[in-house]
Amino acid sequence: MKRLSAGFLPPVALDAASGVPMYDQLSEWFRRAIMDGRLRPGQRVPSTRSLAKELDISRIPVLSAYEQLYAEGYLETFVGAGTCVARAIPGEAFAPAQRTTQPKKSQGAPRRISRRVAALKTAPQTWADNQGAFRIGLPALDHFPSTAWSKLLHRHARNPPIGHMVYGSPMGYLPLREAIAEYLSTVRAVRCDASQVLITTGSQQGLQICAHALLEAKDGVWMEDPGYPGARQALRTAGAEIVPVPVDDEGLNVDAGIRLGKNARAIYISPSHQFPLGVTMSAARRMQLLSWAARTGAWIIEDDYDSEYRFGGRPLASLQGMDADDRVIYVGTFSKVMFPALRVGYIVAPKDLIEAFATVRDAFDTFSSTLYQAALADFITEGQFARHIRRMRALYLERRTALLDAIDQHMDGKLEVIGTHAGMQLTALLARGVDDVALSIKTAKLGVSTRPLSICYAKPPKRGGVILGYSGASVAEIRDGVRKLRSCL
Ligand SMILES: Cc1ncc(COP(=O)(O)O)c(C=O)c1O
């Protein structure tokens, strides 16, 4: 167990008026804290000098108390570590923490939590524990240019300017916003300047900010069905009523949307690479959706989460770039092109929404870490970002090919693969009647993560499937994963 720094000690209660000598009160306090587990074996305790200073008493009673505790075997010293709670506490003395930390029995008064929690709760997802094949949304972390990245972090962490240590703008760090605006205008044909770019803690927060800035409770929102469960959760935090709208091979079915939710206030959509079916929305559907939104005043939330990776055809422009009425809010993330734990994403907002979005962002968590934003800005502007994406595109193409070959070779036509032209994952449909959740639980036991397709639907679909991420697994892991998947079928 790691030793806690000597700087931390539970509050010591001393009563100068009690008549009990200070050293007695102090040694008794230590005995109790050790016995009930608030101080753990091996934990460092402050030096006598700093404890006396902290308690604002003379050092003498502290010295006497420590002497006593050494003699009784409660404290000991280690070279280089100072004074610690003894690792071998006198037998019966040590009683683990339960006595004091267990919650008291309820006195009958209700212990209410919000109803929102029930709406957000999902079934346990055992398949999310594995970090190899076929965990979705996982980049090739072993190929991440960690040396270059840590140099940039070091550059900004060493002697940081005061401006990087104080509270920053809720909109984010300006050089990063400028770099993102330039990148998106060039690569994704997004029409924006830096003033419209708001840095978020991943696109999950981006979606949440959209929901809270644009919706009232019970407002209807079209959601692709099947669709991204994370978006459903984000919308629900604002009390949205989800209107599931079917997806076909042209993307979201706009006619069905109008039929099912004509009063919707917003639409969530992933038009470049629909999650999870992998469809690209047709130009006709895009126009139909944009003109419906312009007529009705609905907002369109475009989730463009992985369009850096396309393996055929020309890269498609964003929906935002086609929008003449400023109805589209564009949401993006660095989770796929950098790594998920970075927790940096962005929103490109229409100019008249910037203030509302900044207000909500400020209320949520003020702003993102300036250190990471500054390092990321340099990573982009110095060309390493473009280089990394180019390398990953080639690598993911190789891994996707390995997965398709292995499926071809080992699955005897038991899987129908769809959505392979872009991204970091593909979807494989199962025969009717095969329970995809049961299958995913089974593969998870073998260390293989296959996300069931049915959890992306509002209602159980006629045909289940598994979503297989290939970007984060080596070719060998992919082949092994397919063999294990086959054994589970
Ligand atoms: C459709 C979709 N949107 C967004 C994200 C990324 O979310 P975040 O930026 O919060 O990591 C994911 C991640 O899996 C996703 O699948």
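Here's what I pulled together on the structure shown here. (Residues numbered from 1 in each chain as written. Predicted model: local features only at pLDDT ≥ 70, side-chain atom pairs only at ≥ 80, totals over all residues. Heavy atoms only, no water.)

Our next topic: the packing of aromatic side chains. The full count for this structure, using the stated rule, is 17 aromatic pairs. The interplanar angle of 80° and the centroid separation of 6.2 Å between the aromatic rings of tryptophan 149 and phenylalanine 339 together place this pair among those described as edge-to-face. Residue tryptophan 149 is located in helix H6 (residues 146–157), and its partner phenylalanine 339 is located in the loop between strand E9 (328–333) and strand E10 (345–348); the two are separated by 190 residues in the primary sequence. Tryptophan 149 sits in the buried class, given a relative accessible area of 5%. Relative to phenylalanine 379, the ring of tryptophan 149 lies with its centre 5.8 Å away and its plane at 90°, an arrangement referred to as edge-to-face. Linking tryptophan 149 in helix H6 with phenylalanine 379 in helix H13 (residues 370–381), this pair joins segments that are 230 residues apart in sequence. No difference in accessibility class separates tryptophan 149 from phenylalanine 379, as the two residues are buried. Of the aromatic side chains, those joined through ring pairs into one cluster are Phe144, Trp149, Tyr183, Phe334, Phe339, Tyr346, Tyr372, Phe379 and Phe385. Its end group placed over the ring of tryptophan 299, arginine 327 keeps NZ or CZ at 4.6 Å from the ring centre. (Phe/Tyr/Trp six-rings, centres within 6.5 Å; stacked < 30°, edge-to-face > 60°. Helix = DSSP H or I, 4+ residues; strand = E, 2+ residues; numbered from the N terminus. Buried < 20%, exposed > 50% of the residue type's maximum accessible area, 1.4 Å probe, protein only. Lys NZ or Arg CZ within 6 Å of the ring centre and 35° of its normal.)

Across a sheet, strands are paired by hydrogen bonds formed along the backbone, either parallel or antiparallel in direction. If you trace the eight strands from one edge of the open sheet to the other, you get E3-E10-E9-E8-E7-E4-E5-E6, paired in mixed fashion. What marks the edges here is a single partner per strand, and that holds for strand E3 (197–200) and strand E6 (251–252). Note: strand E7 (residues 266–269) against strand E8 (residues 299–303), four bridges, orientation parallel. Bridge pairing links isoleucine 269 to glutamate 302 in E8. (Pairing = 2+ DSSP bridges.)

A separate point is the pattern of salt bridges. Within the structure shown, the criterion is met by 15 salt bridges. In this structure, the salt-bridge partner of arginine 188 is aspartate 304, at a minimum N-O distance of 2.7 Å. One end of the pair, arginine 188, is in the loop between helix H7 (174–187) and E3; the other, aspartate 304, is in the loop between E8 and E9, with 116 residues separating them in the sequence. The pair formed by arginine 188 and aspartate 304 is uniform in burial state, with each residue classed as buried. (Salt bridge = Lys/Arg side-chain N within 4 Å of Asp/Glu carboxyl O.)

Where H6 meets H13, the axes come as close as 9 Å, and the angle between the chain directions of the two elements is 125°. With respect to H13, the axis of H6 lies oblique. When the axes of H6 and H13 are compared, the crossing they make is right-handed. In this structure, H6 contributes Trp149, Leu152, Leu153, Arg155, His156 and Ala157 to the contact, and H13 contributes Leu371, Tyr372, Ala374, Ala375, Leu376, Asp378 and Phe379. A breakdown of the residues in the contact of H6 with H13 according to their chemical character gives 10 nonpolar, one polar and two charged. (Axes fitted to C-alpha atoms, helices over the stretch in contact; angles between N-to-C directions. Parallel < 35°, antiparallel > 145°, perpendicular 65-115°, else oblique. Left-handed = near helix turned anticlockwise from the far one by under 90°. Contact = heavy atoms within 4.5 Å. Nonpolar A, V, L, I, M, F, W, Y, C, P; charged D, E, K, R; others polar.)

On to the side chain of threonine 370. Positionally, threonine 370 belongs in helix H13. On the accessibility criterion, threonine 370 (9% relative accessible area) is buried.

Another point: the site of the ligand. Every residue near the ligand is listed here: Gly202, Ser203, Gln204, Tyr228, Tyr268, Phe275, Asp303, Tyr305, Thr333, Ser335, Lys336 and Arg343. A distance of 2.7 Å separates an oxygen atom of the ligand from a polar atom in the side chain of serine 335. The contact in question runs from an oxygen atom of the ligand to an N or O atom on the side chain of lysine 336, over 2.7 Å. Coverage of the ligand by the protein chains reaches 91% of its 390 Å² of free accessible surface. Per-element tally for the shell around the ligand: the top contributor is helix H8 (residues 202–214), with three residues. (Near = heavy atom within 4 Å. Polar contact = N/O pair within 3.5 Å; in protein donor to acceptor, adjacent residues only side chain to side chain. Areas by Shrake-Rupley, 256 points an atom, 1.4 Å probe, with all protein chains shown as cover.)

The subject of this paragraph is the environment of tyrosine 346. With respect to the helices, strands and loops of the structure, tyrosine 346 is situated in strand E10. Beyond its immediate stretch of four places on either side in the chain, tyrosine 346 contacts Ile180, Leu184, Val197, Leu198, Ile199, Thr200, Tyr330, Val331, Gly332, Thr333 and Phe334.

Before going further, it helps to spend a moment on empty space enclosed by the protein. Tallied over the entire structure, the rule returns one cavity of 30 Å³ or more. Pro139, Ala140, Leu141, Phe144, Tyr309, Lys336, Val337, Met338, His388, Met392 and Tyr396 are the residues that line the largest cavity. Viewed by domain, the lining of the largest cavity spans two of them, domain 2 (126–138 + 387–488) and domain 3 (159–382), each represented by three or more residues. (1 Å grid on protein atoms, 1.4 Å probe; cavity = no way out; pocket = protein on both sides within 12 Å on 5 of 7 lines; lining within 4 Å. Points joined across faces, edges and corners; volume = space filled by probe spheres on them. Domains from an automatic or database assignment.)

This part covers the nonpolar core. Trp149, Phe334, Met338 and Leu376 are the most contacted members of the largest nonpolar core, which has 60 residues in total. Per element, the largest residue contribution to this core is eight residues, and it comes from helix H14 (residues 384–410). Taken domain by domain, this core gets at least three of its residues from each of domain 2 (126–138 + 387–488) and domain 3 (159–382). Once residues within four sequence positions are removed from consideration, leucine 376 is found in contact with Trp149, Leu176, Phe334, Met338, Leu342 and Val344. Listed in part, the 28 residues of the second largest apolar core include Ile209, Val221, Ala238 and Ala240. (Core = buried A, V, L, I, M, F, W, Y, C linked by side-chain atoms within 4.5 Å.)

All right, on to the sheet that holds strand E13 (residues 451–452) then. Strand order across the open sheet formed by four strands is E11-E12-E14-E13, with antiparallel pairing between neighbours. Strand pairing shows two members of the sheet lacking a second neighbour, strand E11 (416–418) and E13, which therefore form its edges. Note: E13 against strand E14 (residues 465–469), two bridges, orientation antiparallel. Bridging across to E14, proline 452 finds its partner in valine 466.

So, on to the state of the cysteines. Where two cysteines share a covalent bond between their sulfur atoms, that bond is called a disulfide. A full pass over the atoms with the stated rule returns zero disulfides. Not part of a disulfide, cysteine 210 finds its nearest cysteine sulfur in cysteine 192, a span of 15 Å. Residue classification places cysteine 210 among the buried residues on the basis of a relative accessible area of 0%. (Disulfide = S-S within 2.5 Å.)

By themselves, these observations are geometric and do not establish any function.
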